[in-house]
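Here is what each chain is made of, one letter per residue.
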Amino acid sequence: MELSNRITHLTPGGSDGWEVFYKARALKTAGEPVTELTIGEHDIRTHPSILDAMHVSAKGGHTGYAAVPGTQALREAVATRIQTRTGVATGAENILITPGGQAALYAAFNAICDEGDTALFIDPYYATYPGTIRGIGGVPQAIPAYPRNGFQPRAEDIEEHAKGATSLLINTPNNPTGAVYTRDTLQAIADTCIANDLWLISDEVYDTQVWDGSHLSPRALPNMADRTLVVGSMSKSHAMTGSRVGWVCGPADAIEHLINLATHTTYGVPGYIQDAALFALGEGTPLEDVVSAPFSRRRKITEDLLAKQNIVKGCPISGAMYAMLDVRATGLSGQDFANALLDEHLIATMPGESFGTAAAGHVRVAMTIDDETYTSALQTLLDFAKDKAS
Ligand code: PMP
């Protein structure tokens, strides 16, 4: 039997730079002591107080179908959080609760992208972006943001592809680069969206992990609230990756349609998960700080170690849980560097090439293991680079 083109073409197949990751996982399964600096998953687990709230809710009977758009209380809490952080008037009618940010991305594209529409996104990119766009029949078009510009996209590069496109997807703080887009970058993006009548999807799942400057949601820029869908999630901010709870924030009429989509796809998010998320948001920034503190510490460790050598260049780690390291001075591609580092030292990193073309010659390090092991693994990486460069 034939499967649909849509499903069989979701991911292009062939080499996509993820081989190092799979090799590392296989080695680990075989019992090798691999140090994994690959995936964006905290080394701490969901805070016990959040689990208590989940437990109380489930025991209290919130195990049946929950309201499809999200519980009124959680929609209101998310709306309040966004309004407080951005100053943009936001109510429950602007919020759809989703099973995580990934489902929010898929829903957002469903709302704005028809079959054959061109959807722009920035390279380097989070791995699922092109597949998400293909999944709803859109045509993904990457726009490079270069290391020499600190991985900040430039308006002229977006402009070049904007004609005929329907939407632009951005992500700040950024995975995989650690860049936080400046006000100027975001204003230029907003101007380009308005001039070319593009929807903007703003993936802000790392909005609590900012080390330099501050997070600015482009929805808050003049005339952007009506053309922006913000994707948010509890995964990164509250170490709730496995709970699968996030949201889309956007114009009420778009959300109205997205509720309809949710009825036909997810049928909502479990009530006890939503109650746990509500509790977690109620704890405010102190709890978010507990979750983000390890990355802030490891960012400092990274910068200190990088400063002691001159082979590997760091890109500014302004936000999120990653460091993008420029290893071009070794003469190796990111992929060859990552492969050799795994083979020779059992340290797994992600080749820059697995995030598109713009981060070629780089490796991404996820700062997601304990400080001591992280420090030693990074030092080994730097010594290895020095060795290769000489
Ligand atoms: N966007 C970005 C940039 C991400 O890095 C991730 C997860 N790694 C997601 C969205 C999806 O996260 P989740 O579905 O867990 O909310």
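Up top is the structure.
A quick note: this is a predicted structure, and the numbers were derived from the prediction, not measured.

Asker: Hey, could you go over helix H5 (residues 100-112) for me, with residue numbers and the actual values?
Answerer: The end-to-end C-alpha distance of H5 is 19 Å, a good match for the 18 Å that 13 residues give at a rise of 1.5 Å each. Looking at H5, one finds that the buried residues are Gly 100, Gly 101, Ala 104, Leu 105, Ala 107, Ala 108, Phe 109 and Ile 112.

Asker: I'd love a proper account of unusual backbone geometry, names of residues and values included.
Answerer: With an omega dihedral of -10 degrees, the bond running from Thr 172 to Pro 173 counts as a cis peptide bond. Tracing the chain through its elements places Pro 173 in the loop between strand S5 (165-171) and helix H8 (183-195). Cis geometry marks the peptide bond from Asn 175 to Pro 176; its omega dihedral reads 20 degrees. Mapped onto the elements of the fold, Pro 176 is located in the loop between S5 and H8. Of note, the phi angle at Ala 320 is positive, near 65 degrees, even though the residue is not glycine. On the secondary structure map, Ala 320 appears in the loop between strand S9 (313-314) and strand S10 (322-326). Since its relative accessible area comes to 0%, Ala 320 is described here as buried.

Asker: An account of helix H2 (residues 19-29) is requested, with residue identities and associated values reported.
Answerer: Burial in H2 covers these residues: Val 20, Phe 21 and Ala 24. Within H2, the buried residues cover an arc of 100 degrees as seen down the axis, which keeps them to one side. Along H2, exposed side chains directed more than 90 degrees from the buried face belong to Tyr 22 and Thr 29. Those residues of H2 hidden inside the fold are in contact with helix H12 (334-345), strand S11 (347-348) and strand S12 (350-351). Two residues or fewer after H2 comes Gly 31, characterised by a positive phi angle close to 95 degrees.

Asker: Requested: an account of the site of the ligand, with residues and values cited.
Answerer: Gly 101, Asp 203, Ser 233, Ser 235 and Arg 244 are the nearest of the 14 residues found near the ligand. A distance of 2.6 Å separates an oxygen atom of the ligand from a polar backbone atom of Gly 101. Burial of the ligand by the protein chains amounts to 93% of its free accessible area of 400 Å². Considering each element in turn, the shell around the ligand owes the most residues, three residues, to H5. Of the residues belonging to the shell around the ligand, the class tally is four nonpolar, seven polar and three charged.

The rules we used
Residues numbered from 1 in each chain as written. Predicted model: local features only at pLDDT ≥ 70, side-chain atom pairs only at ≥ 80, totals over all residues. Heavy atoms only, no water. Helix = DSSP H or I, 4+ residues; strand = E, 2+ residues; numbered from the N terminus. Expected span 1.5 Å × (residues − 1). Buried < 20%, exposed > 50% of the residue type's maximum accessible area, 1.4 Å probe, protein only. Arc of directions from axis to C-beta. Contact = heavy atoms within 4.5 Å. Near = heavy atom within 4 Å. Polar contact = N/O pair within 3.5 Å; in protein donor to acceptor, adjacent residues only side chain to side chain. Areas by Shrake-Rupley, 256 points an atom, 1.4 Å probe, with all protein chains shown as cover. Nonpolar A, V, L, I, M, F, W, Y, C, P; charged D, E, K, R; others polar.

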